[in-house]
Amino acid sequence: MLRLLSAVFALLGSLIGPALAQDARRSECLAMANGPTRAAPVSFRQAAAAKDEVTITYAGHSTYYIDTPGGVRIATDYSGVYRTGRLPDVVTMNRAHSTHYTLFPDSRIAHVLHGWGDDGQPAHIAERIGDVYIRNVTTDIRRYFGEDSDGPMIKDGNSIFIFEIAGLCIGHLGHLHVKLDDSQFAAIGRLDIVMVPIDGTYTMSLGGISEITKRLRASVVLPMHRFMTPLEDFMQRIGNQFEIDRRGERSLTISQETLPSTPTVIILDGV
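## What about the sheet that holds strand 3 (residues 73-75)?
Inference 1: Here we have six strands laid out as an open sheet, ordered 5-4-3-2-1-13, and mixed in their pairing. Looking at strand neighbours, the two that pair on one side only are strand 5 (111-114) and strand 13 (251-254), the edges of this open sheet. When strand polarity is set aside, the average angle formed by the axes of neighbouring strands in this sheet is 15°.
Inference 2: In this structure, strand 4 (residues 90-93) lies alongside strand 5, joined through four bridges in parallel fashion. Bridging from a neighbouring strand, Val-91 pairs with Val-112 of strand 5.

## Digging into the packing of aromatic side chains
Inference 1: Under the criterion given, the structure shown has two aromatic pairs.
Inference 2: On the numbers, 6.4 Å between centres and 15° between planes, the contact of Phe-161 with Phe-163 is stacked. Note on accessibility: Phe-161 and Phe-163 belong to one class, buried.
Inference 3: In this arrangement the basic side chain of Arg-215 is found over the ring face of Phe-185, its NZ or CZ atom lying 4.0 Å from the centre.

## Some thoughts on helix 5 (residues 206-216)
Inference 1: Listed as buried for helix 5 are Leu-206, Gly-208, Ile-209, Ser-210, Ile-212, Thr-213 and Leu-216.
Inference 2: If you follow the buried residues of helix 5, they end up packed against helix 4 (182-188), strand 10 (193-197), strand 11 (220-224) and helix 6 (231-238).
Inference 3: Following helix 5 by one or two positions, Arg-217 has its phi on the positive side, about 45°.

## Details of unusual backbone geometry
Inference 1: With a phi close to 40°, Asp-77 is a non-glycine residue in the positive phi region.
Inference 2: Relative to the assigned elements, Asp-77 resides in the loop between strand 3 and strand 4.
Inference 3: We note that Arg-217 has phi near 45°; this positive angle belongs to a residue other than glycine.
Inference 4: Classification of Arg-217 by relative accessible area gives partly exposed; the value is 43%.

## As for the state of the cysteines
Inference 1: Under the criterion given, the structure shown has one disulfide.
Inference 2: A sulfur-sulfur distance of 2.0 Å marks the disulfide that ties Cys-29 to Cys-169. Between Cys-29 and Cys-169, the S-S dihedral sits near -105°, and the bridge is therefore left-handed. In this pair, Cys-29 is assigned in helix 2 (residues 28-34) and Cys-169 in strand 9 (residues 168-172), connecting sequence segments 140 residues apart. In terms of burial, Cys-29 and Cys-169 fall into one category: buried.

Procedures and definitions
- Residues numbered from 1 in each chain as written.
- Predicted model: local features only at pLDDT ≥ 70, side-chain atom pairs only at ≥ 80, totals over all residues.
- Heavy atoms only, no water.
- Pairing = 2+ DSSP bridges.
- Helix = DSSP H or I, 4+ residues; strand = E, 2+ residues; numbered from the N terminus.
- Axes fitted to C-alpha atoms, helices over the stretch in contact; angles between N-to-C directions.
- Phe/Tyr/Trp six-rings, centres within 6.5 Å; stacked < 30°, edge-to-face > 60°.
- Buried < 20%, exposed > 50% of the residue type's maximum accessible area, 1.4 Å probe, protein only.
- Lys NZ or Arg CZ within 6 Å of the ring centre and 35° of its normal.
- Contact = heavy atoms within 4.5 Å.
- Disulfide = S-S within 2.5 Å.

Below is the structure:
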């Protein structure tokens with residue numbers, strides 16, 4: 001009997017092991033969140049830093065442009081209004097105000113990713129495009145004027161997009177309206193950089209988004225969707241565990257090697 005059980009467990013291990021290994025390759029951020037801390041040789045990381053830098057540029061509202069080492073250009077919450085530099089190769093959108101999406105994007109954009117389901121089902125994005133792996137975690141979203149704004153929330157109408165690039169885990173919370181539960185935090189995994197809406201009204205309360213920011217504890221927090229929110233209010237709510245770094249330029253170039261050792265809110269020009 002013991003030999004039979006051993007054979008069964010060995011068979012299960014041979015089936016499950018490769019599946020887990022495949023998932024880990026697909027999402028390094030989830031693998032890092034669920035696994036032990038891994039140490040990389042210093043010489044390797046220093047050599048890799050120069051070629052593995054990611055540039056993030058604030059264009060306006062909730063739109064950041066992300067340029068990967070492999071030359072892929074991504075625009076978040078893309079409406080076509082907020083532009084900088086060349087046309088993006090990939091755009092992500094969310095079902096909020098028209099400033100967060102367009103149903104008529106430039107036909108030259110190769111990859112248009114909707115954060116809402118087009119077939120009545122939640123959006124499920126898990127795509128490798130060049131040197132970036134893109135996935136999403138859905139959340140519910142409120143309705144707006146002209147679509148029964150007093151009705152129930154639209155289930156899975158918003159997506160948190162996660163971009164895995166050069167070992168960095170970069171998250172964009174989208175037009176977030178609700179607190180995240182444990183399963184959503186688990187699905188997000190580890191974030192090194194997170195883009196956070198801090199308007200305090202159109203998305204969610206400043207207290208609510210501050211709690212999410214503290215729990216995610218990314219190395220870099222990039223505010224967006226600010227309007228007139230005093231930055232001091234946001235900083236006071238997330239506490240002294242975060243530093244603040246105000247920049248005079250709209251772009252940030254960063255790698256695993258140059259992530260700040262203390263969680264830092266970086267305010268790019270125009271935010």
